[in-house]
Amino acid sequence: MAVADARYGSDTALSGGQTEEDGAEHDNIRDCESTSSSFSCSDYSDDLEPEWLDDIQKNGELFYLELSEGEEEAALAQAAANQGVSTNHVRFSEKEAEIITEQNKKQRCGSRTKGEPTLKRLARILRRKRWSSQRRGGKDGGKDSSTLSPPASILKNQPGQRQGVTVQQQQLKEVCVYLNPKRLGGSSTPLSNSGGLLEALLGVVHRPSRITRQGDPAGLTQEERLTVHGLIPNSPAIKCGQILIGDVLVAVDDVDVTSENIERVLSCIPGPTQVMLTFQTAAPVDAGTAGETLSVRKTKASPPVSQLVRLLWGEDTAELQMSIGHIPHIVMYLSLKLDSASPQEEEEILYQYPMCEASSQLKGVRGIFLTLCDMLENVTGGQIISSSLLLGKHLVHVGYWKESNNLLVIGLPAERVPLLYLQTVVGDVVRTLKVMYGSLDSAFCKADHAPRLDHFFCLFFQQLIQPSRLRDGFSAPPPDVSGTLFLDGLPAVRWLTLPPEIKVEVDTVLSDFESSDFGEMSEDFFGLRRLYVILGSCLFYKSYLIANHLPKEDLLDVCLYCQHYCLLPLASEQRVGQLVIWREVFPQQRANSSSSTAPGFSQPQGRHFLLIVGLRHFMQCVLLEAGGCASPASGSPGPDCVYVDQVKATLLQLEVLEAGIEERLNAPAAPCLSCADWFLPSSAARDRLDSLASSSPVLSKLAEAVKGSSSGARGRSLFGEKARRSSPQRSLSDSGSEGQMDAGSGSGSSVAPGLSPHSTPDSARKLGGRRDSLGSGGSDGSGGSGGLFKMTSRMKHPNPFYLGTLKKTLTEKETEEMYNTLKLTSGAENTLFHYVLMETVQGIFIAPTHREVAQLSGSIHPQLIRNFHHCCLSIRAAFQQSLPARGRRTADRPQGGGWGLGPVKEHGVLFQCKPENWTDQRKPAPTMTYWVIGRMLLEPVPQEFYVCFHDSVAEVPVEMAFRLSFGLAL
Amino acid sequence: MMLQDGSLQLLCLTASSGVPLFTRGASKQLPFSVIGSLNGVHMFGGGQGVVLTCCETAGGGKVVWRVFQDSVMLIAVSGGRGGGGGGQGGAGSSSKEEEVRLQRLLENVWSCMVLVLGQDELANVRNVERLKRDLRSCFGLIDQLLEDRQEGILGNLTHCADSLLPPNPALLQEAVENFAQSADSEFGCLIVHGKIAAATEKWWRLAPQEVVLLSALMRSLSASGSASCDYPVFLPQGSPTVAHRLLRFQLLPGADVCVLCGPTPSLHRAESGLVCRFWSPLVETLRDCLAVGDRCLPGSVSLRPDVLALLLINRETRRSVSLVRTSTNHPLGDPPLPSKARCWELLKLFYIFSTTRYFSQEETLGLEERAQRGNTEDFVLGFSHQPLQCYLVTDECKSFGLQTPQHQLFLLIPLSVPTLALRTVATQTLSDITAATAF
């Protein structure tokens, strides 16, 4: 009876067994003790060996990720408790949750030393176990042959699987759950006296009715019926959220089950798979919740460890993949060679991922892809790039990449990747693969690459299709799909400008490292030829590039790899305890440049290796060359401890600068940004700002200082708040601003006719500012606007939220100066919302940091940024399509007909936004209009500039870019 | 390469059996094997529940498929421009614009087939050979659509009737109304220089696509040079199965009037009795109207000098006015202005560019129609805020587009005008035209 009770109470269900063994003590150490019989010392007897040593695979590659302690503890609770998505349905107390964790851990690894209290150690072992089982193919291949098959292929057996729940009749409901018998871990739960597989595998507690006296009547009347009496926490049953106590399980995968045959049926499940359970339910299922596994998941408490980390660790790919199984997407590598001598089924598919229902439909029509690829080249004289297909309601874009006799086909849902940007996405994937494997053929045609490619493409699709799930560990705003697409698609890395003294220091430290002068650790010391030449390295801090000593193309290669494995967000959002990545890479520039370089110089034919070491928020990527000057590499060398340690030492050395960098990140945005919400006359926000302005002594002091320095006549309306209220375009929206615009560019001489009298001074000042900018010959003028750099001596609207820091660091005089130089927009107020400036030559771009954006908060602003990014996709596509034309025009200028729209230099779109859910019926919703403008500059350095600012002041993007690039001096 | 650079070929087959009905366009016909394969891939996909809609190749080549009424398959193949130079990395030139153009073309060709033959004959193909023969009568119109060379005619693309705003609209309007009434019809229309100068209210109630198509038909009929004709037409939306009579009379060279009517009156009676009675008093007015010419706008509208070309669409009435100005006093030293033909080309491209990316086209498309169209994945819908205006600066000129609840305006402006002033030029042009003509 005690056992039964334990099973009932879901909280204590798993600790029940423990109670019997150990008494009532719930203590980590005790738990460990009970199973410490078979402890193997090798795991950490030798502390000198680096932790990652065991993770090196046969081919020398290493991907070792360890979270820092804080994160690790959280990870434990998650990772160990089976699949770890905690649910709202179960009330854990901290302590009990921990117990379950410990126990599971014990069940899995089964080795623990007495008196090793740190969770960290445990985690390491745990992860190592997990890792080795994941990487079976590479490391200890064939240890467990039954689980060798990649997770995706399991789904093949289940062509008819369905997602979520469908209501069949009133009384029956179907629930799909994901079961993994492997998770039982063999010896773990004593199956004999408990609920058996039903409980252990599925998590459904069923008490045979004979024992139950007070059970529900349904259970009593029909003995053999499988009534759900309880659910085990963290089990598949509870996680799906659809199984309720009182339901009766009638079938598993359409096989009728009773209490007699259930164990047999469940034991037939060979490996991780999805099964469909049919329940007879008391109440009909709420249609709203049916079929929406995704939304169900979202409502759950977000686990502290993101799916991303778990995905990188190699857990759970099948489950994640399943959740997007209904969205058509596919990657295939097809052979164009027909070998009719030995016809085998699906012989032409060299690689395919994933294996779900929706993608099988795309796979079924691969004939289309092959035929089109073959035929269209002859018809139109160009390789096929893309095609669009309708699968039922889904529009799917298919991108192609032909290499020698093989064809890479990637199908993506149109709602995620617009056709405009498909090519960039496909191009990036191809380049990443080439960097990692040398060529597509060598990536796809080796059988043992398949599991790694599965992982690669799982990440790829997850990032594109459900980025929210990867990040759900953080209280992140709804992900900005367009933003990710746009920023990742730029051939550049996000750069963080640092104060010169820090920058110099960082560069010095990096240079020291790159000189390979490792003292007595170096090969020179022992009179050996160097193992590797350090070609260069780059340093990231919280996903920002802060120093780069790599050539641009190499930087882009490295960055593509980092982007693909989400290393950058990882380092910014979580503290990485330790990250060590080592692999051979094939930098594209070096691979292709054999013919094109200057005469007399040839690239050394060496092999290249990428070493990435992350420590807390720092991450350094080092490109090494073997061969050439260094000794040639043979076989597949693993990471060299010396090099890894040297990078670590470098990072540790840099840690003293962390405070300085953090200060930079915390500093007020430069150039200053405005929040879109400030421009909408919503009373609440206005009041808050007003009160802030009036209550802040610094602000008023600042006003004084400004009054003193600038002419007193203007002092009255210096502050944004006041100016804003008096300027017509704020309150009147569209018509007002147009009138103002007319006045501005008509001749610039007279006062605008449409302006109300009281606002004249304000707008007159604006006119003045605009005339300045007109002087440079409009945005067409290239350069020559140096005088405008410091064009306004006026005070702009300081962001009241940052004054605290300002007060500490700067005198008022300095503050004023800083504002004058860092303001990007002209006119009295700061109207800049967002910007992206890409420097094509160096392959970097700058944009407001995440923190700067977050500090602006507001409800409209995030929307605006999403919109900005979406628009940038279009603008950049317009730039892109004109680029090849530009190259070709010199050769043969098309006669008469011309080339589409021709090369686009500048492109702008004006948007209007309204506050959401405007309830006031009497007044129309206030509106705010803003420009998103993209500008391509070829002189003096090739740049692409994207900016978003309020409509009230006409801006010249060239000048803004010019001003901004001053801050980008490297 | 089987297709010439930039050439276009239209293939028509029966959807069920893949029998080729006709091919038009490009001087050199595609080999039959290619036609078969193009049809084959689409059919194969259809069998697997996958509908292939379009395809793009490097260098801007495009193939667009579309099946109408489950019976007729239309395929448009456009050759790349410059061929192969783009390579895999380079994006095709204005691919999206080309795709939309081809989609429009297929729709127009289908409507045109319905207009001439009626939907019944096309939807239920009993005798393929006969259908092939009958379809020949559409070739004139289809070729006109394919070439799309008439300057100043954008209706095929915009699905808004190309209009000409006469100096004295009231007189003409009255005459058209009376003329139609006397011919027992509610649908009457006066076409000057191929553009609608006046039409009865009911005429504007026809589906925009039909109005455009009828204008196209009128143009091709009047190009034949006959003084009058009686032509049976099916209205693709209004009455796809019952034919009406289109009576057309030439009033002056370049000015035609037409009515859609039932069995009466006879062509002869209408020509001899009605035309003279209603139109001879208005000869001078018509001459004034003809004098407006390509400008499409009456002399009372003064345009700013810095407008190279313009397309103004009234979103409610689905009418459009477009013009390209020949520059008279172009200052030396400025970059050369694009040629007139190039201006028309740019105007079209800019229209497609703006409407596919920013300005949604609220068309009277049925749900089914929209699903079929499927191609344009509505990039527009991805915006969280409403786009109002947009501009482009290219090597040749600047383009500005703006959208208000009632109008869409697209302008080409010389490079010499500063970008800051574009918006003013546009708003002023819009207000000038609307104030002077109530368009």
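Since this is a predicted model, take the numbers as computed values, not measurements.

A.B. asks: Would you mind showing me how to read the packing of helix H16 (residues 366-380) of chain A against helix H1 (residues 32-47) of chain B here?
C.D. replies: Relative to each other, H16 of chain A and H1 of chain B sit at 155 degrees, their axes nearing to 10 Å. Of the possible angle classes, the one that applies to H16 of chain A and H1 of chain B is roughly antiparallel. The chirality of how H16 of chain A crosses H1 of chain B is left-handed. Together, Gly-367, Ile-368, Thr-371, Leu-372, Met-375 and Val-379 of chain A of H16 of chain A and Val-34, Ser-37, Val-41, Phe-44 and Gly-45 of chain B of H1 of chain B make up the contact between the two elements. A class-by-class count of the residues in the contact of H16 of chain A with H1 of chain B yields seven nonpolar, four polar and no charged.

A.B. asks: So what exactly am I meant to see when it comes to the UniProt feature "domain: FUZ/MON1/HPS1 second Longin" (unreviewed entry) in chain B here?
C.D. replies: Within the UniProt annotation, "domain: FUZ/MON1/HPS1 second Longin" (unreviewed entry) is assigned to residues 185-279 of chain B. End-to-end, the C-alpha atoms of residues 185-279 of chain B are 17 Å apart, and along that stretch the chain is 36% helix and 42% strand.

A.B. asks: I tried to follow the environment of Gly-49 of chain B on my own but got confused; where do I start?
C.D. replies: Tracing the sequence through the fold places Gly-49 of chain B in the loop between H1 and strand S3 (50-57). With 12 C-beta atoms packed within 10 Å, Gly-49 of chain B lands in the exposed category. Once residues within four sequence positions are removed from consideration, Gly-49 of chain B is found in contact with Gln-361, Leu-391 and Gly-392 of chain A.

A.B. asks: Help me understand the nonpolar core in this model?
C.D. replies: A general feature of soluble globular proteins is that nonpolar side chains tend to end up buried together. Counting 325 residues, the largest nonpolar core has Ile-546 and Leu-611 of chain A together with Leu-74 of chain B as its most contacted members. Among the elements that make up this core, the one with the highest residue count is helix H17 (residues 419-437) of chain A (twelve residues). Ignoring sequence-local partners within four residues, the contact set of Ile-546 of chain A consists of Leu-496, Leu-498, Val-506, Leu-539, Phe-540, Tyr-541 and Ile-661 of chain A. Ranked by size, the runner-up nonpolar core spans 25 residues in total, among them Val-175, Ile-232, Ile-238 and Val-252 of chain A.

A.B. asks: In this structure, what is going on with the sheet that holds strand S20 (residues 618-627) of chain A? I would like to understand it.
C.D. replies: The strands making up a sheet associate through backbone hydrogen bonding, with each pair oriented either parallel or antiparallel. Residue and element names in this part refer to chain A. Taken together, the six strands give an open sheet; going across it, the order is S1-S18-S19-S20-S16-S17, and neighbouring strands pair in antiparallel fashion. Either end of the sheet is taken by a strand with one partner, and the two such strands are strand S1 (62-67) and strand S17 (544-548). Here the strands of the sheet are splayed against their neighbours by 15 degrees on average, with no regard to which way each runs. In the sheet, strand S19 (residues 606-616) pairs with S20 via ten bridges, with the strands oriented antiparallel. Its bridge partner being in S20, Gly-606 is matched across the sheet by Gly-627. Across the sheet, helix H26 (residues 641-654) touches strand S18 (576-585), S19 and S20, and the angle it forms with S19 is around 40 degrees.

A.B. asks: Can you walk me through the sheet that holds strand S12 (residues 309-314) of chain B in this structure?
C.D. replies: A sheet is described by the order of its strands in space; here twelve strands give the open sequence S15(A)-S22(A)-S21(A)-S25(A)-S24(A)-S23(A)-S14(B)-S15(B)-S16(B)-S12(B)-S13(B)-S6(B), paired in mixed fashion. Because the sheet does not close on itself, it has two edges, and the strands there are strand S15 (493-494) of chain A together with strand S6 (161-162) of chain B. Of the strands in this sheet, S12, strand S13 (319-324), strand S14 (386-394), strand S15 (398-403) and strand S16 (407-413) of chain B are in contact with helix H12 (residues 340-357) of chain B, which crosses S16 of chain B at around 135 degrees.

A.B. asks: Looking at this model, I keep getting lost on the environment of His-193 of chain B. Mind explaining?
C.D. replies: All names here are of chain B. The residue His-193 is located in the loop between strand S7 (187-192) and strand S8 (195-199) in this model. Along the chain, His-193 and Arg-205 lie twelve residues apart, while their C-alpha atoms are 22 Å from each other. Aside from chain neighbours lying at most four places away, what touches His-193 is Leu-164, Gly-254 and Gly-293.

A.B. asks: Honestly, unusual backbone geometry in this entry has me stumped. Any pointers?
C.D. replies: Peptide bonds are mostly trans, and most non-glycine residues show a negative phi. Note that the residue after Tyr-353 of chain A, namely Pro-354 of chain A, is joined by a cis bond; omega there is -10 degrees. As for its placement among the helices and strands, Pro-354 of chain A is situated in the loop between strand S11 (349-353) and helix H15 (357-364). For the peptide bond that leads from Thr-264 of chain B to Pro-265 of chain B, omega is -10 degrees, which places it in the cis range. Checked against the element boundaries, Pro-265 of chain B lands in the loop between strand S11 (255-261) and helix H10 (267-279). The phi angle at Lys-542 of chain A is positive, at roughly 45 degrees, despite the residue not being glycine. Take Lys-542 of chain A: it is sitting in the loop between strand S16 (533-541) and S17. Look at Arg-318 of chain B: it is not a glycine, yet its phi comes out positive at around 55 degrees. Looking at the secondary structure, you find Arg-318 of chain B in the loop between S12 and S13.

The rules behind the values
- Residues numbered from 1 in each chain as written.
- Chains lettered and ligands numbered in written order.
- Predicted model: local features only at pLDDT ≥ 70, side-chain atom pairs only at ≥ 80, totals over all residues.
- Axes fitted to C-alpha atoms, helices over the stretch in contact; angles between N-to-C directions.
- Helix = DSSP H or I, 4+ residues; strand = E, 2+ residues; numbered from the N terminus.
- Parallel < 35°, antiparallel > 145°, perpendicular 65-115°, else oblique.
- Left-handed = near helix turned anticlockwise from the far one by under 90°.
- Contact = placed C-beta atoms within 7 Å.
- Nonpolar A, V, L, I, M, F, W, Y, C, P; charged D, E, K, R; others polar.
- UniProt positions renumbered as here; feature names shortened; annotations may be inferred.
- Buried ≥ 20, exposed ≤ 12 C-beta atoms within 10 Å, placed from the backbone.
- Core = buried A, V, L, I, M, F, W, Y, C linked by C-beta atoms within 7 Å.
- Pairing = 2+ DSSP bridges.

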